[in-house]
Amino acid sequence: MSRSLFSPLILCLLLVFLIGPFVIIVAASFSAGETLAFPPQGLSLRWIVKVFTIDSFRSSFAMSMMLAIGGTLFALILGVPAAYALSRYKLPFGETIRTIVSAPIIVPGIIVGLAVLRYLVVPFAFSITVALFFAHTALVLPYAVRVVSASLGNLRADIEEAAVLLGSSRVGAFFRVVLPNIRGGVLAAFILGFVTSFNQVPVSLFLSGPGLQTLPINMLGYMETTYDPSVAALSALLAFLSVGIVFVAERFLGFSKYV
């Protein structure tokens, strides 16, 4: 096989490997049968409609939205100043701080969830909601710092210094000059953090309880007792939601240049 044909073939196989499971899930979500199966047993929208009628899905979706939005906003409140300090100043132990901030990406999520349960929930009697909030914030914080740092790296420091020389305070220069110029990076960090938090499974697995579950954990529990295509329908909807968010970010923010 010539080299000119080998590369497109590898690319096609890679696309099938990556997109194939998604296609199967979408096809199964339109099944008219009573059980999850592929190929689908006829075509119907009944399972997509049913997703919106299941109370546990609605409540866990609200919980996931609250955690994703709240945790990501709090991570940005912490991450933007941290990224600014690490990018603009030579801090003592700066590289060590970067490593610590990046630790939740390096450490497996299941370890993070177990650590939060063992060292926060058990000894200090933290509520599960508070523990989930802090755990999701910790997971999103590295993305906030990295993306905002990349955006700050593209902004010339002398622009901020010019504002200071013209009479602005350092804080005023940050809010009037720096923040408006990195708003695309901040929004990109929010979108990336939101998607990461919303789809988080390992951490939430250790910090869920009766009546308090995120949507991915609720879906896992639902599949233990029910084998209808409603989970496939919900998975397809969530996948389209994630793809739509990233597409909008790329279209209007130029998402790829911030990550």
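The coordinates are above.
Residues numbered from 1 in each chain as written. Predicted model: local features only at pLDDT ≥ 70, side-chain atom pairs only at ≥ 80, totals over all residues. Heavy atoms only, no water.

Colleague: Please give an account of the environment of isoleucine 182 that cites residues and values.
Modeller: Structurally, the position occupied by isoleucine 182 is in the loop between α8 (170-181) and α9 (183-198). A residue is classified by how much of its surface remains accessible, and isoleucine 182, at 1% relative accessible area, is buried. C-alpha of isoleucine 182 to C-alpha of proline 123: the two residues are 59 residues apart in sequence and 40 Å apart in space. Apart from residues lying up to four places away in sequence, isoleucine 182 is in contact with Val148, Ser151, Leu152 and Leu155. (Helix = DSSP H or I, 4+ residues; strand = E, 2+ residues; numbered from the N terminus. Buried < 20%, exposed > 50% of the residue type's maximum accessible area, 1.4 Å probe, protein only. Contact = heavy atoms within 4.5 Å.)

Colleague: I'd like a rundown of the nonpolar core, residues and numbers included.
Modeller: The biggest cluster of nonpolar side chains holds 21 residues, and the ones touching the most others in it are Val148, Leu152, Val178 and Ile182. Elements with a minimum of two residues in this core: α3 (55-88), α6 (128-153), α8 and α9. (Core = buried A, V, L, I, M, F, W, Y, C linked by side-chain atoms within 4.5 Å.)

Colleague: Quick rundown of the packing of aromatic side chains? Include the residues and the values.
Modeller: As enumerated under the stated definition, the model contains nine aromatic pairs in all. Taken together, a centroid distance of 5.3 Å and an interplanar angle of 75° make the contact between phenylalanine 22 and phenylalanine 240 edge-to-face. Linking phenylalanine 22 in helix α1 (residues 3-29) with phenylalanine 240 in helix α12 (residues 230-253), this pair joins segments that are 218 residues apart in sequence. Of the residues examined, phenylalanine 22 reaches a relative accessible area of 28% and is grouped as partly exposed. Ring centres of tyrosine 84 and phenylalanine 174 lie 5.2 Å apart, and the angle between their planes is 75°; on these two criteria the pair is classed as edge-to-face. Here the residue tyrosine 84 occupies a position in helix α3, and phenylalanine 174 occupies one in helix α8, the gap between them amounting to 90 residues. On the accessibility criterion, tyrosine 84 (10% relative accessible area) is buried. Taken together through their ring pairs, the aromatic side chains of Phe61, Phe190, Phe194 and Phe198 make up a single cluster. (Phe/Tyr/Trp six-rings, centres within 6.5 Å; stacked < 30°, edge-to-face > 60°.)

Colleague: So what's going on with the environment of glycine 113? Residues and values would help.
Modeller: By secondary structure assignment, the location of glycine 113 is in helix α5 (residues 109-124). Take glycine 113: its relative accessible area is 0%, and that puts it in the buried class. Separated by 45 residues in sequence, glycine 113 and aspartate 158 have C-alpha atoms that sit 43 Å apart. Ignoring sequence-local partners within four residues, the contact set of glycine 113 consists of Val203, Phe206 and Leu207.

Colleague: Residue-level account of a nonpolar patch on the surface, with values.
Modeller: The grouping of Leu11, Leu14, Leu15, Phe17, Leu18, Ile19 and Val23 at the surface amounts to a nonpolar patch, some 700 Å² of accessible area in total. On the basis of relative accessibility, which here comes to 46%, the residue leucine 14 falls in the partly exposed class. (Patch = residues over 30% accessible without salt bridge, like charges linked within 9 Å, V, L, I, M, F, W, Y side chains within 5 Å. Areas by Shrake-Rupley, 256 points an atom, 1.4 Å probe, with all protein chains shown as cover. Salt bridge = Lys/Arg side-chain N within 4 Å of Asp/Glu carboxyl O.)

Colleague: Residues and numbers for α3, please.
Modeller: An α-helical turn contains 3.6 residues, so a residue and the one three or four places further along point in the same direction. Look at α3: 49 Å from first C-alpha to last across 34 residues, which is about the 50 Å you get at 1.5 Å a residue. The largest bend along α3 measures about 25° and falls at glycine 79, with the proline proline 81 one to four residues further on. (Expected span 1.5 Å × (residues − 1). Bend = angle between axes of the 7 residues up to and from the residue.)

Colleague: Describe the side chain of serine 64, and please don't skip the residues or the numbers.
Modeller: Note that serine 64 resides in helix α3. Take serine 64: its relative accessible area is 2%, and that puts it in the buried class. Among the polar contacts made by the side chain of serine 64, one reaches the main-chain amide nitrogen of leucine 215 at a distance of 2.7 Å. In this structure serine 64 touches Phe198, Thr214, Leu215 and Pro216, once residues within four positions along its chain are discounted. (Polar contact = N/O pair within 3.5 Å; in protein donor to acceptor, adjacent residues only side chain to side chain.)

Colleague: Tell me about the packing of α3 against helix α11 (residues 215-225), residues and numbers included.
Modeller: Between α3 and α11, whose axes approach to 8 Å, the crossing angle comes to 150°. Judged on the interaxial angle alone, α11 and α3 are roughly antiparallel. For the pair formed by α3 and α11, the contact residues are Ser56, Phe57, Ser60, Phe61 and Ser64 on the first element and Leu215, Pro216, Asn218, Met219 and Tyr222 on the second. Among the residues forming the contact of α3 with α11, the class breakdown is six nonpolar, four polar and no charged. (Axes fitted to C-alpha atoms, helices over the stretch in contact; angles between N-to-C directions. Parallel < 35°, antiparallel > 145°, perpendicular 65-115°, else oblique. Nonpolar A, V, L, I, M, F, W, Y, C, P; charged D, E, K, R; others polar.)

Colleague: Pulling in residues and values, what's your account of the pattern of salt bridges?
Modeller: Taken as a whole and judged by the stated rule, the model has two salt bridges. A salt bridge links arginine 58 to aspartate 55, with the shortest nitrogen-to-oxygen separation between them at 2.4 Å. Taken together, the residues arginine 58 and aspartate 55, both in helix α3 and three residues apart, mark about one turn of the helix. The class for arginine 58 is partly exposed, based on a relative accessible area of 42%. Residue classification places aspartate 55 among the exposed residues on the basis of a relative accessible area of 53%.

Colleague: Talk me through the side chain of threonine 72; I want residue IDs and the actual numbers.
Modeller: Within the secondary structure layout, threonine 72 lies in helix α3. The contacts of threonine 72, once residues within four sequence positions are left out, are Leu67, Val140, Ala189, Phe190, Gly193 and Phe194.

Colleague: With reference to specific residues and values, describe the packing of α6 against α9.
Modeller: Helix-helix packing: each pair is described by the crossing angle between the helix axes and the interaxial distance. One way to put it is that α6 packs onto α9 with a least axis distance of 9 Å and a crossing angle of 155°. Here α9 runs roughly antiparallel to α6, going by the angle between their axes. Judged by the sense of rotation from one axis to the other, the crossing of α6 with α9 is right-handed. Where α6 abuts α9, its residues His136, Val140, Tyr143, Ala144, Val147, Val148 and Ser151 lie against Gly185, Val186, Ala188, Ala189, Leu192, Gly193, Thr196 and Ser197. By residue class, the composition of the contact of α6 with α9 is nine nonpolar, six polar and no charged. (Left-handed = near helix turned anticlockwise from the far one by under 90°.)

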